[in-house]
Each structure stands twice: as structure tokens, then as C-alpha cells.
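# Coordinate analysis (summary)
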Amino acid sequence: MTSKRCARLIATAALGALGCTAIVTTHAQTYPAKTIRVIVPIGPGGSTDIVGRMIGQRLGEQMGVSLITENRPGAGAVIGTEVVAKAPPDGYTLLAIAVEFTINPSLRKKLPFDPIKDFTCIAQLTSGQYFLSTHPTIPVKNARQFIALAKSRPGQVTFGSSGPGSANHLAGVLFQTMTGTKLVHVPYKSAGQAGIALMSGEIDFMFSNVASVIQHVRAGKVRAIATTGAKRSPVAPDVPTLDESAVKGYIVTGFHLLLAPGATPPDIIAKLNAETVKALESAAIKERLVNLGLEPAGGSPADCAKLIQADIARWVPVVKAGGATAD
């Protein structure tokens, strides 16, 4: 190869590299240029819907673009999740989802997406926990008394959930395994229906999302006798954790995540992460989340990815112990 030809090739390569850099830079500078959809794969009114809309509105204000929150419920959050998995990876279709994202891989033999390969983490939005909540007429005031009652009535104490394999069902399975009790699972179509059943006395207890039941606890319609986190909930500091009060090592926490399709460009993910963390650090969002019994999370996309991988592994033995399946 002559020196002149070599020089031409080097120059061409350099121009190509500059061109690619210019494209990436332009892409980062122009995004977002149109409306962004945030898919919530459950029905309206739940904590995921509330958090998704809250964060979406804030991101829209910060980024100067419209964010539309769209509920796409069905099949245990699989339908809406699949919509995002198969959407163009351009940053204009996002997913707001909770712990069902990490439970479904154990619960379902075949998913229409790969939860690791088909998604890119933007950020963990919140962390939260559950109340072990009972109907006020159940004659117990703390977790030790409740366990003693359940052991004295094997196969008679009932607990509700939003369906087989749901987080509140599996929290009950884990509780039963760790306490040696024999409980009766009563599934409902939603956590809201299970909550109504609890308040009416149709079931004895359930693991209720703090965000969805805190107002009923304050009103005396439900009794919270323990929480499931590693530390007490900031909205109920007088309620001890199960870990500290009765079942050492029992910790079940929930979360909300913001995800994008797997091949979304890194510069777009970085921008969305920065804006999401900024939103979570705002005083207004912090206050609204705390009032719901949730704690703002944030962190990097890598932190979020580690959480997903660890939580998928955590639920495998629990699902197996409960014999739950959605297939």
C-alpha cells in the first residue's frame, strides 16, 4: 500500500469517526423531540400507576415535553411490559413497573420477553414495604400474638392477595414457611378487592402495600401489626418490623422502576437517569412519596440492573415453595 493511499484511508476513517460522534452528539442534544409514553402495565389507581404518573408529570416539566401515562393491564403485567419490550428503542416508550417484573420470570415458564436482555434500566424510583395488616376484630395486637393464634388454628386463618404469584401472596408464603404456620390463601383479582375484603372481615389478614393502605390504618379500618422492611416505615414509626419483633430475617420490600427497551442508546439512558434522579430529589416529589409510605430511591442504571438480577433470584425458591404458577 502506498503512503498516499494509506493517508487517504486514515483520513476517511477519521472523518467517519467524526461523523459518528456528530450523530451521537446531535442525538443527545435533540432528545426528546416529541411526546414520550410511559406504559403502566396495571390498572389505574394502584401504587405503580400513582408513581408512574407522578414521575411522568415531573419529567415532562423538567424536559419541556409531554409525557403521557398509558395503562396497559393484563396477564399479571405481562401485556404492558411486552409492549415496551417490542417498542422502538428510541427513548419515547418507557415502562413504570413494580416487583411483578422480577416475580414473573419464576412464575411463568415462558415470557414473551427477556427481563434482562430486552430492557435497559433507567433508575429505581422508590423503595417500599408492606404491612402485616389484620381486620380490627382479630384478637391480636402484635406479630407474636398473631403467630400464636395462627398456630392454634391451623388451616383456618385466611389471608388475601391480588392473585396467585403476586407479591402479597408470596409474602404470605414466605411468612408461612418461616413461622411454621398453616394459612389459607384467598386470591382476588386486585389488591384493591383484597383490601375491601379485609376491611369487611371476609379475610383475616393480608400483606398490604403501605402506600395503598396507610389511610385505612389511620382511620382504624385496618390494624397494622408489623412491617416487612429492614427498618420501620417513616409513615408508621410505631409499628415494628417483623424482623425485629417476631420473625428474624423476614424482609420483603417492594420498589418501582423506570425502564426502557433494551437497545436504547446509552446517551438517552444517561439523560433520562439524570432527569429522573433530579425529579426524585425535588422536595415536592419527596413529600408526596413519603405521604404514600414510599421512599425515593434514584441511583444509577447499573444500581437498578443489580437490583433486578438479585430480586429475580430471590423469588425463585419462594415461588417454588408456594407452588404458584400463572401458566
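One can find the structure itself at the top, above this paragraph.
Here's a quick rundown of the structure. All figures in this text were calculated on a predicted structure; none of them were measured in a lab.

Turning our eyes to something else, we now look at the packing of aromatic side chains. One pass over the full model with this rule turns up 11 aromatic pairs. A ring pair is formed by Phe101 and Phe119, whose centres lie 5.3 Å apart and whose planes are at 90°; its orientation type is edge-to-face. Placement of the pair is Phe101 in helix H4 (residues 100-107) and Phe119 in strand S4 (residues 119-134), with a sequence separation of 18 residues. For Phe101, a relative accessible area of 3% corresponds to the buried category. Accessibility expressed as a relative area gives 7% for Phe119, which makes it buried. With a centroid separation of 5.7 Å and an interplanar angle of 90°, the aromatic rings of Phe113 and Phe119 are classed as edge-to-face. Both residues of the pair, Phe113 and Phe119, count as buried. Three or more aromatic residues joined by ring pairs form one cluster here, namely Phe146, Phe159, Phe175, Phe205, Phe207 and Tyr250. Positioned over the ring face of Tyr92 is Lys34, at 4.8 Å from the centre of the ring. Its guanidinium or amino end placed over the ring of Trp315, Arg314 lies 4.6 Å from that ring's centre, counting from NZ or CZ.

Attention now moves to helix H10 (residues 266-280). Given a rise of 1.5 Å per residue, 15 residues ought to cover 21 Å, and the 21 Å separating the end C-alpha atoms of H10 matches this to within 8%. Burial in H10 covers these residues: Ile268, Ile269, Leu272, Asn273, Glu275, Thr276, Val277, Ala279 and Leu280.

Overall, the coordinates contain eight salt bridges when judged by the stated rule. In this structure, the salt-bridge partner of Arg53 is Asp49, at a minimum N-O distance of 2.9 Å. With Arg53 and Asp49 both in helix H2 (residues 47-63) and four residues apart, the pair spans about one turn of that helix. Judged by its relative accessible area of 37%, Arg53 falls in the partly exposed class. A salt bridge links Asp243 to Lys248; its shortest N-O distance comes to 3.8 Å. Each of Arg37, Glu70 and Arg72 takes part in a single network of salt bridges with overlapping partners.

Now for unusual backbone geometry. Geometrically, the link from Tyr31 to Pro32 is a cis peptide bond, its omega value of -5° lying close to zero. You can see Pro32 is positioned in the loop between helix H1 (3-30) and strand S1 (36-40). In this structure, Ala75 is a non-glycine residue whose phi angle is positive, near 55°. At Ala77, a position not held by glycine, the phi torsion is positive, near 80°. Mapped onto the elements of the fold, Ala77 is located in the loop between strand S2 (67-71) and helix H3 (78-85).

Attention now moves to the pairing of S2. Every other side chain in a regular strand lies on the same face of the sheet, so the side chains alternate between the two faces. Judged by which residues are buried, S2 turns out to be one-sided: Leu67, Thr69 and Asn71 face inward and are buried, whereas Ile68 and Glu70, on the alternate face, are not. Strand direction decides the pairing type here: S1 and S2, joined by five bridges, are parallel. By the bridge assignment for S2, Val38 is matched with Thr69. Crossover handedness for the path S1 to H2 to S2: right-handed.

What follows deals with the environment of Ala171. The residue Ala171 is located in helix H6 (residues 167-179) in this model. Note on Ala171: relative accessible area 0%, which makes it buried. As a C-alpha pair, Ala171 and Tyr130 span 41 residues in sequence and 8.9 Å in three-dimensional space. Ala171 has contacts with Phe207, Tyr250 and Val252, leaving out every residue within four places of it along the chain.

This part covers the packing of H6 against helix H12 (residues 301-322). Where H6 contacts H12, the axes come no closer than 9 Å and their chain directions differ by 80°. It follows that H6 is roughly perpendicular to H12 by the angle criterion. On H12, the residues touching Leu170, Val173, Leu174 and Thr177 of H6 are Trp315, Val318, Val319, Ala321 and Gly322. Among the residues making up the contact of H6 with H12, the classes are represented as seven nonpolar, two polar and no charged.

This part covers the side chain of Ser208. Within the fold, Ser208 resides in strand S7 (residues 205-209). By relative accessible area, Ser208 is classed as buried at 4%. Of the polar contacts made by the side chain of Ser208, one reaches the side chain of Ser133; its length is 2.6 Å. Discounting chain neighbours no more than four positions away, the residues touching Ser208 are Gln129, Tyr130, Phe131, Ser133, Leu198 and Val213.

Moving on, we come to the nonpolar core. Of all hydrophobic cores here, the largest spans 50 residues; its most connected members are Leu132, Phe175, Phe207, Leu242, Tyr250 and Leu259. In this structure Leu259 touches Leu94, Leu95, Ile97, Phe101, Phe119, Thr120, Cys121, Ile122, Cys304 and Ile308, once residues within four positions along its chain are discounted. With 29 residues, the next largest nonpolar core counts Val40, Val65, Ile122 and Leu294 among its residues.

What counts, and at which threshold
- Residues numbered from 1 in each chain as written.
- Predicted model: local features only at pLDDT ≥ 70, side-chain atom pairs only at ≥ 80, totals over all residues.
- Heavy atoms only, no water.
- Phe/Tyr/Trp six-rings, centres within 6.5 Å; stacked < 30°, edge-to-face > 60°.
- Helix = DSSP H or I, 4+ residues; strand = E, 2+ residues; numbered from the N terminus.
- Buried < 20%, exposed > 50% of the residue type's maximum accessible area, 1.4 Å probe, protein only.
- Lys NZ or Arg CZ within 6 Å of the ring centre and 35° of its normal.
- Expected span 1.5 Å × (residues − 1).
- Salt bridge = Lys/Arg side-chain N within 4 Å of Asp/Glu carboxyl O.
- Pairing = 2+ DSSP bridges.
- Right-handed = clockwise from strand over helix to strand, strands pointing away.
- Contact = heavy atoms within 4.5 Å.
- Axes fitted to C-alpha atoms, helices over the stretch in contact; angles between N-to-C directions.
- Parallel < 35°, antiparallel > 145°, perpendicular 65-115°, else oblique.
- Nonpolar A, V, L, I, M, F, W, Y, C, P; charged D, E, K, R; others polar.
- Polar contact = N/O pair within 3.5 Å; in protein donor to acceptor, adjacent residues only side chain to side chain.
- Core = buried A, V, L, I, M, F, W, Y, C linked by side-chain atoms within 4.5 Å.

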